[in-house]
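# Summary of structural features
Here are the chains, one letter per residue:
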Amino acid sequence: MRFTSPPVSDETFSRLAKGGGGAEAMAELRVWQCLKTRLLIRALVLEAKAAGHPHADLAARAYDLLAEMESQGREQVEPELCHPAVGAWALRTYRSLRAGTGAKDDPGRLAALVVAIAVRARIACEVRLAVEEDAVVLPGLGRLTVPAGARGVLDVTVRPDADGAELDIGRSTVRADPLRDGAGWQVLRRLPADSGLSLVVDDADPYRWPAGHVTESRLSESRLEHWASCLRDAWRVLTARHWTVAAELTSGISVLTPIHAPAFGQNSATSRETFGTVALSEPQHGLGMAATFAHEIQHAKLTALTDTVELTLPENGRRHYAPWRNDPRPVNGLLQGAYAYLGVAGFWRRQHASEQGARAFRGQVEFARWRQAAYGVTGTLMASGGLNERGAEFVKAMRGTLEAWLDEPVDLAAVAQARREADQHLESWRRRNS
């Protein structure tokens, strides 16, 4: 397998620091994240052998098959290899092998990735797969129900054809179709928004999200159609006025992971483990989903960037006020929040003019509140003593973007409402944290 990658360029760093980046920046970040996954896979194979893991040989054989497949064409391996859940599995498995903590994270699962790639790329192969439960997830592809009584290390033969592949597992055969369900097979479904965007709904992989207790089980067809409708509406909003966010979404995000909704409102998040995934609870409408993407794409970009460029100094224990949180935040968390709300402010800066009535007023309130909040936090960050030289450069550029937005006209009533909401949050935060 190949391990070379160009560095994130100074031009990309500068564009990201100003709050944007575009498709080119996301592509550079994605290259680095794929390289990280490759290195983790190589490391876990070696670590499994050193630790004497019972599935070390399975992992080594699967790794050799991956290298052989890649020699036939990197484009056949890359999409499945860079599926977000693969990176999460590789990271957690490497960590557990290093720590010697149990057998939950199995290096032998690499064979399931080989099968997924073989099905998708229509490559005939034979691999040995460890089966411990009644189903096996093929990363990025689907969930395979294992025939009754089939447990242990089984021989799997992949026999591809024009519509997928027949999988001979032990003495049984299951058909894996990349586009539709079948007997013993549930495909990971796609939500096509329009030309240029298609996202996988990963509601099956056990590594799809770090906090497994918050993930939803497989969405019903009616719920899936609601998600698809919201995504189509969100895409129309983004492509009409938010071209940079739309380009970044297309270039950097490939997976939606449904998570449980809170008692009030909605949840959304990204994770360092699963670059390329946005986790969110049931969307209410397209506009809200578009705003969520504008928020979460910022987190995704900054998290990926800080895997390659350190922006903060070692943790010093100091905590700071964040106008969007109820708890005091360390510098790195404060930076993440400020960067995300720079994106939120930018979204409403462009969007409020497209709305009417109460929605237009609310859009102006959102813009006024979050441009001021993020700007104020950049000042906190600059004075915190927690940024290194590159971090100070990054935050200075963020501050320049926000400072220019402070001069843009907003309805005075909206400014007043934004100020009231900000004051209420600060008062509540002080009561909570005094």
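Residues spaced three or four apart along an α-helix point in a common direction, a consequence of the helix completing one turn every 3.6 residues. Under the 1.5 Å per step criterion, the end-to-end length of helix H13 (residues 412-433) is 31 Å for 22 residues, consistent within 8% with the ideal 32 Å. Taken as a whole, H13 has its buried residues at Ala-414, Ala-418, Glu-421, His-425 and Trp-429. Seen end-on, H13 carries its buried residues on one side only, within an arc spanning 75 degrees. Facing away from the buried side of H13, by more than 90 degrees, are the exposed residues Leu-412, Arg-419, Gln-424, Arg-430 and Arg-431.

The subject of this paragraph is the environment of Gly-22. Along the chain, Gly-22 turns up in helix H2 (residues 22-51). Put simply, Gly-22 and Glu-355 are 333 residues apart on the chain and 25 Å apart in space, counted from C-alpha to C-alpha. Those residues in contact with Gly-22 that lie beyond four places of it in its chain are Thr-244 and Glu-248.

For the rest of this paragraph, the subject is the sheet that holds strand S4 (residues 152-161). Across the sheet, which stays open at both edges, the four strands sit in the order S1-S4-S5-S6 with antiparallel pairing between neighbours. The open sheet terminates on both sides in strands that have one partner only, identified here as strand S1 (125-131) and strand S6 (172-176). Averaged over all pairs of adjacent strands, the angle between strand axes in this sheet comes to 30 degrees, irrespective of strand direction. Here strand S5 (residues 164-169) runs beside S6; their pairing, made up of five bridges, is antiparallel. Bridging across to S6, Ile-169 finds its partner in Ser-172. This element, helix H3 (residues 56-71), spans S1 and S4 of the sheet and lies at about 145 degrees to S1.

Here the structure, examined in full by the defined rule, presents one disulfide. The disulfide partner of Cys-34 is Cys-82, and the gap between their sulfur atoms is 2.1 Å. Placement of the pair is Cys-34 in helix H2 and Cys-82 in the loop between helix H4 (74-81) and helix H5 (84-99), with a sequence separation of 48 residues. Owing to a relative accessible area of 19%, Cys-82 belongs among the buried residues under this scheme. Cys-125 carries a free sulfur, and the closest cysteine sulfur to it, the one in Cys-82, is 19 Å from it. With relative accessibility at 10%, the residue Cys-125 sits in the buried group.

Moving on, we come to the packing of aromatic side chains. Applying the stated criterion across every chain, the model contains eight aromatic pairs. Relative to Phe-394, the ring of Phe-13 has its centre 5.6 Å away and its plane inclined at 65 degrees; by these criteria the two rings are edge-to-face. Of this pair, Phe-13 sits in helix H1 (residues 10-17) while Phe-394 sits in helix H12 (residues 389-406); the two residues are 381 residues apart in sequence, bridging distant segments of the chain. Residue classification places Phe-13 among the buried positions, given a relative accessible area of 2%. With a centroid separation of 5.4 Å and an interplanar angle of 45 degrees, the aromatic rings of Tyr-339 and Phe-394 are classed as tilted. Of this pair, Tyr-339 sits in helix H10 (residues 331-351) while Phe-394 sits in helix H12; the two residues are 55 residues apart in sequence, bridging distant segments of the chain. Like Phe-394, Tyr-339 is buried. Following the ring pairs from residue to residue traces out a cluster consisting of Phe-13, Tyr-339 and Phe-394. Stacked on the ring of Phe-367, the Lys or Arg Arg-371 has its end atom at 4.7 Å from the ring centre.

Of all five residues in strand S9 (residues 197-201), four are buried; the element is thus mostly enclosed. Two elements, strand S8 (residues 190-194) and S9, share four bridges in a ladder whose sense is antiparallel. When the bridges of S9 are listed, Asp-194 appears paired with Leu-197. Relative to strand S10 (residues 255-258), S9 is paired through two bridges, and the arrangement is parallel. Across the sheet, the residue bridging to Val-200 is Val-255, located in S10.

Right, let's talk about the nonpolar core for a bit. If you look at the biggest cluster of nonpolar residues, it comprises 75 residues, and the most contacted ones within it are Phe-293, Leu-305 and Phe-394. With 12 residues, the single largest contributor to this core is H10. Residue contacts for Leu-305: discarding those within four places in its chain leaves Val-8, Phe-13, Leu-16, Leu-29, Leu-311 and Phe-394. By size, the runner-up hydrophobic cluster in this structure holds 53 residues, among which are Ile-41, Ala-59, Val-146 and Trp-185.

A few words now on the environment of Val-45. By secondary structure assignment, the location of Val-45 is in helix H2. Overall, Val-45 belongs to the buried group, its relative accessible area being 5%. Along the primary structure Val-45 and Tyr-63 are separated by 18 residues, whereas in three dimensions their C-alpha atoms are 7.6 Å apart.

It is worth spelling out the sheet that holds S9 at this point. Read across the open sheet, the five strands follow the order S8-S9-S10-S12-S11; overall the sheet is mixed. Looking at which strands have only one partner, the edges of the open sheet turn out to be S8 and strand S11 (268-269). In this structure, S10 lies alongside strand S12 (residues 277-280), joined through four bridges in parallel fashion. The residue bridging Val-255 from the neighbouring strand is Thr-277, located in S12.

Reading the values: rules and limits
- Residues numbered from 1 in each chain as written.
- Predicted model: local features only at pLDDT ≥ 70, side-chain atom pairs only at ≥ 80, totals over all residues.
- Heavy atoms only, no water.
- Helix = DSSP H or I, 4+ residues; strand = E, 2+ residues; numbered from the N terminus.
- Expected span 1.5 Å × (residues − 1).
- Buried < 20%, exposed > 50% of the residue type's maximum accessible area, 1.4 Å probe, protein only.
- Arc of directions from axis to C-beta.
- Contact = heavy atoms within 4.5 Å.
- Pairing = 2+ DSSP bridges.
- Axes fitted to C-alpha atoms, helices over the stretch in contact; angles between N-to-C directions.
- Disulfide = S-S within 2.5 Å.
- Phe/Tyr/Trp six-rings, centres within 6.5 Å; stacked < 30°, edge-to-face > 60°.
- Lys NZ or Arg CZ within 6 Å of the ring centre and 35° of its normal.
- Core = buried A, V, L, I, M, F, W, Y, C linked by side-chain atoms within 4.5 Å.

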